Amino acid sequence: MSNKVSPAFDVIITALKEEKVIAYPTEAVFGLGCDPDSEKAVNELLSLKNRPWEKGLILIADSYERLCLYVDDEQLSDIQKETVFSFWPGPVTWVIPAKTTTPKWLMGQFSTLAVRVIEHPLVKQLCSLYGKPLVSTSANLSGLEPCRSAEEVRQQFGNRVPVLEGEVGGRKNPSEIRDALTGKLYRQG
């Protein structure tokens, strides 16, 4: 990939800055995302998905440093941090205590936040160019299978969501979700 920002990234970054929801490929399925600091964008995403805010959301980023604005990793021991970092970048999402400044619209009913350092090259580049993490949830309408192509995103959402064109990775299942403090498995990957 060249260092020049492609027009496709320009469109997506503009949409994020305008507090809109976007779609992008991940390791297994297409995701819906938005700026995590925009309550308006998060509410639009929740509405599109018909997802209750209480469930909380996942943040993805190209680096752990971008996630540190939202999680309180001082509550993790060195061994717990080593365990988390040994799975990143990759398809394991870790639930970590949230900072007191983390918006409630990201955490839902919890005092924790689910975060992941993604390995998909397009999304890593997107987070790097945008300069912050993205909210991430599977791109699908309630009751339908998650989208695995840009065309499927358009079939389910029409033109309501700009799509970052690209291929999903080879994984069959969405990311595994684990608790960073206890190691408890919440969702099998």
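Quantities reported herein were computed from a predicted structural model and do not represent experimental measurements.

Asks: Kindly report on the packing of aromatic side chains, identifying the contributing residues and their values.
Replies: For the structure on display, the rule yields 4 aromatic pairs. Plain terms: the ring middles of tyrosine 64 and tryptophan 88 are 5.8 Å apart, the flat faces sit at 40° to each other, and that makes the pair tilted. In this pair, tyrosine 64 is assigned in helix H3 (residues 64–67) and tryptophan 88 in the loop between helix H4 (78–86) and strand S4 (92–97), connecting sequence segments 24 residues apart. Residue tyrosine 64 shares its accessibility class with tryptophan 88, and that shared class is buried. Aromatic rings pair up to connect Tyr64, Phe85 and Trp88 into one cluster.

Asks: Just give me the short version of the pairing of strand S5 (residues 112–117), but keep the residues and values in it.
Replies: The buried fraction of S5 is high, at 5 of 6 residues. Here strand S3 (residues 58–61) pairs with S5 via 4 bridges, running parallel. Across the sheet, the residue bridging to isoleucine 60 is arginine 116, located in S5. Pairing between S4 and S5: 4 bridges, direction antiparallel. What sits directly across from isoleucine 96, in S5, is leucine 113.

Asks: Provide a residue-level description of the pattern of salt bridges, including the pertinent values.
Replies: Under the criterion given, the structure shown has 7 salt bridges. Between glutamate 18 and lysine 20 there is a salt bridge, with its nearest N and O atoms 3.1 Å apart. Judged by relative accessible area, which is 42%, glutamate 18 ranks as partly exposed. Residue classification places lysine 20 among the partly exposed positions, given a relative accessible area of 38%.

Asks: Explain the layout of surface pockets to me, using residue names and the numbers behind them.
Replies: A volume near 790 Å³ is recorded for the largest pocket. In terms of lining, the largest pocket is formed by 37 residues, of which the most central are Arg51, Ile58, Thr137, Ile177 and Arg187. If you list the elements that add at least two residues to the lining of the largest pocket, you get strand S2 (30–33), helix H5 (104–107), S5, strand S6 (134–138) and strand S8 (185–187). When the residues that make up the lining of the largest pocket are grouped by side-chain class, the tally is 18 nonpolar, 12 polar and 7 charged.

Asks: Go over helix H2 (residues 39–49), please, and point to the residues and values.
Replies: All of the buried residues along H2 are Ala41, Val42, Leu45, Leu46, Leu48 and Lys49. Take H2 and look down its axis: the buried residues cluster within an arc of 160°, on one side only. Facing away from the buried surface of H2 by more than 90 degrees, the exposed residues are Lys40 and Ser47. Where H2 is buried, its residues meet S2, H5, S6 and helix H7 (150–157). Of the residues flanking the end of H2, it is asparagine 50, one or two places downstream, whose phi is positive at about 55°.

Each value, and the rule that gives it
Residues numbered from 1 in each chain as written. Predicted model: local features only at pLDDT ≥ 70, side-chain atom pairs only at ≥ 80, totals over all residues. Heavy atoms only, no water. Phe/Tyr/Trp six-rings, centres within 6.5 Å; stacked < 30°, edge-to-face > 60°. Helix = DSSP H or I, 4+ residues; strand = E, 2+ residues; numbered from the N terminus. Buried < 20%, exposed > 50% of the residue type's maximum accessible area, 1.4 Å probe, protein only. Pairing = 2+ DSSP bridges. Salt bridge = Lys/Arg side-chain N within 4 Å of Asp/Glu carboxyl O. 1 Å grid on protein atoms, 1.4 Å probe; cavity = no way out; pocket = protein on both sides within 12 Å on 5 of 7 lines; lining within 4 Å. Points joined across faces, edges and corners; volume = space filled by probe spheres on them. Nonpolar A, V, L, I, M, F, W, Y, C, P; charged D, E, K, R; others polar. Arc of directions from axis to C-beta. Contact = heavy atoms within 4.5 Å.

No statement about biological role is implied by the geometric values presented.
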